[in-house]
Amino acid sequence: MLRRHSLRFRVAFYFAGLGAVLSLLFALGLWLAAHDLSKRLIDQTLTAELDDYMARRARNPRSLPPDTASLRGYVTNGDAIPDMPPQLRGLAPGRHEIVLDGVPYRVAVAERDGERYTMIFSEERQHARESAFLFYLAGGALLMTLLAAAGGRWLAGRVVAPVADLAYAVTHAPSDNPPRLSLPDQPNDEIGELRHAFDRYLERLGAFVERERAFASDASHELRTPLAVIRGAAEVLSEDKTLGPAQAGRVARIERAAGEMAALTAALLHLAREEAAPADEACECGPLVLAAVERHRKQAENRHSAIEVQIDGPVWLDVAPALFSIVVDNLVRNAVAHTEGGTVSLHLAADRLTVGDTGCGIADGDRERVFERGYRGPASEGAGIGLSLVKRICDRQGWKIELQNATGCGTIATLLYTP
């Protein structure tokens, strides 16, 4: 997609184009008018000189025609004049244009009392003056274009300034207490209406944020209390010496699930914040990957699939452990759910986590949509929330998640992160 220039640049550009077109049209009109006027003046000069010479010759038959650098005359009465150019001899009475030795001439021919009068006027100096005049017109057109561009830029700055101020105010408006953008002395123009519209939108947005904040606070409080009760009860039960091994295992599982639920609740509330808060401590990814594998191993066995794990070494990330666990859990869950009688492989490296399966793969049309909230592919059995949650966490942490079909069959999910 082509990048659009700023509004100020476009206004200045259009003003420059308008100035250039108008100045060129004005210059062209002036040049055509000057050119036509010069021809008329030359014709009037030729007519006046021709009439004057014919009048002088009527008074004095020996009067010689004019012979200057710009004006020359010839008189014939049927006999050829040796110094008369051949191009002039066959011209009919009237006005003509000819070129003699590379010099343009304007010619006037008239007949009186059996004599033929020919008067020629050199247009060389006139053409030179027209060329100089055209040069001045071109310079004036260029100057007008530059002035139009400068004026357009200045005018664009005046016009865009209220919009820029409004954009700055909206950009730096705090989410918890957005200010009113309307001014007491705001003129009733388009910018004023835009400010009022933004105020109305910010009011609705502020109310929505307040409802979300209240919900997050209530959910945090209401969920932590029963989770704490469950964990406390599980701790008390785990100390009961009369429990058998199977019962002790179930109590340990309840206590572990309650702890995971508390961490998950904290992670989801962390995602609900507008700004990403730094993690309290770094987490080691290897144990979290192994824990996620153990949580889904039973499901893989039920689908007659195996899970293979390769960990190159300790990997530490500045992220809440619950957030990384959510990402790994969802990737492993999806891989296991789409693999029947195959293998799910995990590879934890220094800069990436790769989760591959031997399932049916992802259709090309679905690959870009699987991260949309609520989207479910033809072979999906979930609610379409897991991968969208993974994408949100990756965007918040600055990670990158990629999905591609493996050679032959299956899908490879690659989580790229910076330790």
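Predicted model only: the values in this text are computed from it and were never measured.

1. Here we look at helix 2 (residues 124-171)
Because each turn of an α-helix spans 3.6 residues, side chains separated by three or four positions in sequence point in the same direction. The end-to-end C-alpha distance of helix 2 is 67 Å, a good match for the 70 Å that 48 residues give at a rise of 1.5 Å each. Along helix 2, the largest kink reaches about 40 degrees and is centred on Val 160; proline Pro 162 follows within four residues of it. Within helix 2, burial applies to Gln 126, Glu 130, Leu 137, Ala 141, Thr 145, Ala 148, Gly 152, Ala 156, Gly 157, Val 160 and Leu 166.

2. Looking at the pattern of salt bridges
Evaluation of the coordinates by the stated rule reveals 14 salt bridges. The salt bridge partner of Arg 106 is Asp 43, with a shortest N-O separation of 2.7 Å. Within this pair, whereas Arg 106 is found in strand 3 (residues 103-112), its partner Asp 43 is found in helix 1 (residues 7-59), the two being separated by 63 residues in sequence. When sorted by exposure, Arg 106 lands in the same class as Asp 43, which is buried.

3. Topic: the sheet that holds strand 6 (residues 306-311)
Pairing in this open sheet of 5 strands is mixed, and the strands run 6-8-9-11-10 from one edge to the other. Of all the strands in the sheet, the pair left with one neighbour each is strand 6 and strand 10 (400-405). The mean inter-strand angle of the sheet, taken between neighbouring strand axes irrespective of direction, is 10 degrees. Where strand 6 and strand 8 (residues 343-348) come together, 6 bridges link them in parallel fashion. The partner of Ile 307 across the bridge, within strand 8, is Val 344.

4. Re unusual backbone geometry
Not every positive phi belongs to a glycine, and Asp 113 is a case in point at roughly 55 degrees. In this fold, Asp 113 is placed in the loop between strand 3 and strand 4 (115-122). At His 304, a residue that is not glycine, the phi angle is positive and equals roughly 55 degrees. Here His 304 lies in the loop between helix 5 (285-302) and strand 6.

Thresholds applied
Residues numbered from 1 in each chain as written. Predicted model: local features only at pLDDT ≥ 70, side-chain atom pairs only at ≥ 80, totals over all residues. Heavy atoms only, no water. Helix = DSSP H or I, 4+ residues; strand = E, 2+ residues; numbered from the N terminus. Expected span 1.5 Å × (residues − 1). Bend = angle between axes of the 7 residues up to and from the residue. Buried < 20%, exposed > 50% of the residue type's maximum accessible area, 1.4 Å probe, protein only. Salt bridge = Lys/Arg side-chain N within 4 Å of Asp/Glu carboxyl O. Pairing = 2+ DSSP bridges. Axes fitted to C-alpha atoms, helices over the stretch in contact; angles between N-to-C directions.

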